[in-house]
Amino acid sequence: MAEITSSRFLLALLIAASLVANGVSDCMGDVNSLREKCFQYVSASGPMTPPDTSCCAVIKKADVPCVCSYVTPPVRKIISPAKIVYVSKQCGRPITKCGSAQLD
């Protein structure tokens with residue numbers, strides 16, 4: 001449990017630092033909501049599981065290009081591209097590219 005909490009904190013910190021460094025904060029609410037509601041479904045560790053309705057609600061409303069544009073290589077080490085593709089498809093908003101990274 002402590003490891004998951006630490007990973008979530010690290011993910012939020014890395015994304016926030018990247019956003020601030022690039023002068024972008026207009027999607028910080030989306031970043032925080034995605035971290036809170038969806039991290040367990042896209043974490044590199046653990047099994048692939050269908051997202052719940054609260055995660056899907058966030059994905060459907062998120063400014064995905066804004067969020068994805070600032071996902072750094074260290075963040076990509078703790079999230080699974082395959083799980084992002086899976087979860088987004090399950091939520092009815094397929095994502096196959098996140099920033100410069102092709103996910104499928």
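For the structure, check the block above.
No experiment lies behind these values; they were computed from the predicted model shown.

A.B. asks: Looking at this structure, I do not really get the overall build of the protein. What am I missing?
C.D. replies: Looking only at helices and strands, the protein has six helices and two strands in total. Starting at the N terminus and walking to the C terminus, you meet the elements of the protein as α-α-α-α-α-α-β-β. Burial status across the protein gives 40% buried among its 104 residues. Pairs at least 24 residues apart make up 72% of the contacts formed inside the protein by residues separated by at least 6 positions.

A.B. asks: Whenever I open this one, the pattern of salt bridges confuses me. Can you help?
C.D. replies: Charged atoms that come close allow side chains of opposite charge to pair. For the structure on display, the rule yields one salt bridge. Between Arg 35 and Glu 36 there is a salt bridge whose closest N-O contact spans 3.6 Å. On the basis of relative accessibility, which here comes to 48%, the residue Glu 36 falls in the partly exposed class.

A.B. asks: Please explain the state of the cysteines as it appears in this structure.
C.D. replies: Working definition: the covalent bond between the sulfur atoms of two cysteines is a disulfide. Inspection of the entire model under this criterion finds three disulfides. A sulfur-sulfur distance of 2.2 Å marks the disulfide that ties Cys 27 to Cys 66. One quick way to see it: the torsion about the S-S bond of Cys 27 and Cys 66 is about -75 degrees, and its sign makes the bridge left-handed. Here the residue Cys 27 occupies a position in the loop between helix H1 (2-21) and helix H2 (28-42), and Cys 66 occupies one in helix H4 (residues 64-69), the gap between them amounting to 39 residues. The two residues Cys 27 and Cys 66 agree in class, both being buried. The residue that forms a disulfide with Cys 56 is Cys 91, at a sulfur-sulfur distance of 2.1 Å. Between Cys 56 and Cys 91, the disulfide has an S-S torsion of -75 degrees and is therefore left-handed. Of this pair, Cys 56 sits in helix H3 (residues 53-61) while Cys 91 sits in the loop between helix H6 (81-90) and strand S1 (97-98); the two residues are 35 residues apart in sequence, bridging distant segments of the chain. With respect to class, Cys 56 is no different from Cys 91; both count as buried.

The rules behind the values
Residues numbered from 1 in each chain as written. Predicted model: local features only at pLDDT ≥ 70, side-chain atom pairs only at ≥ 80, totals over all residues. Heavy atoms only, no water. Helix = DSSP H or I, 4+ residues; strand = E, 2+ residues; numbered from the N terminus. Buried < 20%, exposed > 50% of the residue type's maximum accessible area, 1.4 Å probe, protein only. Contact = heavy atoms within 4.5 Å. Salt bridge = Lys/Arg side-chain N within 4 Å of Asp/Glu carboxyl O. Disulfide = S-S within 2.5 Å.

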